[in-house]
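Chain and residue survey
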Amino acid sequence: MGYARSEGMMKTARALLASLVILSAGALVSGCQSDPDIDITKLGVNNDPPDVLYSQALANMKAGNMVEAARKFDAIDRENPFSEWARKALVMSTFVKYRQGKIDDALASGNRYMAQYPKSEDAAYVQYLIGLSYSKQISDVTQDQRASSKTIEAMQAVIDNYPDSEYVDDAQAKIRYARDQLAGKEMQVGRYYLERKEYLAAISRFRIVVEKYPNTNQIEEALARLVEAYYAMGIVEEAQTAAAVLGHNYPDSQWYADSFKLLQSGGAEPRENKGSWISAAGRKLLLGS
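Scoring rules and cut-offs
Residues numbered from 1 in each chain as written. Predicted model: local features only at pLDDT ≥ 70, side-chain atom pairs only at ≥ 80, totals over all residues. Heavy atoms only, no water. UniProt positions renumbered as here; feature names shortened; annotations may be inferred. Helix = DSSP H or I, 4+ residues; strand = E, 2+ residues; numbered from the N terminus. Buried < 20%, exposed > 50% of the residue type's maximum accessible area, 1.4 Å probe, protein only. Contact = heavy atoms within 4.5 Å. Salt bridge = Lys/Arg side-chain N within 4 Å of Asp/Glu carboxyl O.

Per an unreviewed UniProt entry, the protein chain goes by the name Outer membrane protein assembly factor BamD and belongs to Rhizobium sullae. You can read under Subunit (unreviewed entry) in the UniProt record for the protein chain the words "Part of the Bam complex."

Structure below.
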């Protein structure tokens with residue numbers, strides 16, 4: 001009698017427990033379906049093989065769904081480490097993040113790729129993407145130009161390490177632009193000092209442009225500003241040399257016309273002092289170095 005009663009109570013308890021489990025599961029599903037912040041498709045583990053995920057990611061890219069493409073490429077990389085599919089996915093992940101404007105993420109995945117696969121068939125492309133990512137961050141010359149320096153470094157690696165790649169021509173173009181930005185920054189600071197009659201500080205900036213960035217769009221103004229600064233200090237011989245170098249290289253420049261007029265106003269004219277640092281820089285200009 002006591003045993004039968006005990007057995008009956010056990011059955012009742014199990015039934016109640018089962019009911020609670022069913023009710024809880026139903027509530028969970030109902031909650032997931034009604035809560036707009038929960039994506040139930042992402043609660044499970046994606047068991048698709050990497051080749052299928054890769055094809056799906058490419059399809060998402062073609063459809064313009066870069067967010068989902070990036071998620072799938074990252075899933076391949078995460079779930080199949082050091083496999084060939086992971087390597088390919090890392091290339092595409094870098095590209096997608098660059099296209100999304102997620103520059104820091106693109107740089108992180110690109111640099112990781114180069115650390116792991118520097119000799120691979122896609123290494124030149126990934127190194128180029130790193131350079132493009134830095135180039136995207138270049139701001140106007142009133143701002144910090146660290147990204148310009150990084151662009152030069154990254155694109156020079158494309159040229160040096162992958163000289164036969166299809167990316168070399170554009171890498172050179174990006175380097176020229178970045179160098180022009182660096183020279184522009186020096187000119188901006190130099191003009192600031194020149195306006196305040198801090199001539200030595202101004203000259204040091206213009207000298208950097210002439211010696212370090214001669215083949216940029218800033219070189220004509222830099223030489224003309226040297227004429228102006230040296231003339232204002234009474235160092236006429238150096239002003240004459242700067243004007244002479246400017247005239248030799250850019251005879252039709254308005255900057256040369258202005259420099260000539262400035263010297264002429266004081267009874268001087270362009271005349272090169274072969275012992276001047278400006279003359280040495282001018283010889284490099286003539287050689288196109």
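1. Points about the environment of Leu58
Structurally, Leu58 can be placed in helix H2 (residues 50-62). A relative accessible area of 34% places Leu58 in the partly exposed class. A C-alpha to C-alpha distance of 6.7 Å links Leu58 and Ala69, two positions eleven residues apart in sequence. If we skip the residues at most four places from it in the chain, Leu58 touches Phe73 and Met92.

2. Some thoughts on the side chain of Ser253
Along the chain, Ser253 falls in the loop between helix H11 (236-249) and helix H12 (254-265). Residue Ser253 is classed as buried on the basis of its relative accessible area, which comes to 8%.

3. Let's talk about the pattern of salt bridges
Applying the stated criterion across every chain yields a total of 18 salt bridges. Residue Arg87 pairs with Asp122 through a salt bridge whose shortest N-O separation is 2.9 Å. Separated by 35 residues along the polypeptide, Arg87 in helix H4 (residues 84-100) and Asp122 in the loop between helix H5 (103-116) and helix H6 (123-136) bring together distant segments of the chain. Taking the relative accessible area as the measure of exposure, Arg87 reaches 5% and is therefore buried. With a closest N to O distance of 3.9 Å, Glu272 and Lys274 form a salt bridge. Classification of Glu272 as partly exposed rests on a relative accessible area of 21%. By sharing partners, the salt bridges in this structure join Glu84, Arg87, Glu121 and Asp122 into a single network.

4. Some words on the environment of Met155
Take Met155: it is sitting in helix H7 (residues 146-161). For Met155, a relative accessible area of 0% gives the class buried. Counting along the chain gives 23 residues from Met155 to Leu132, while the straight-line C-alpha distance between them is 8.2 Å. Once residues within four sequence positions are removed from consideration, Met155 is found in contact with Tyr128, Gly131, Leu132, Ala171, Lys174 and Ile175.

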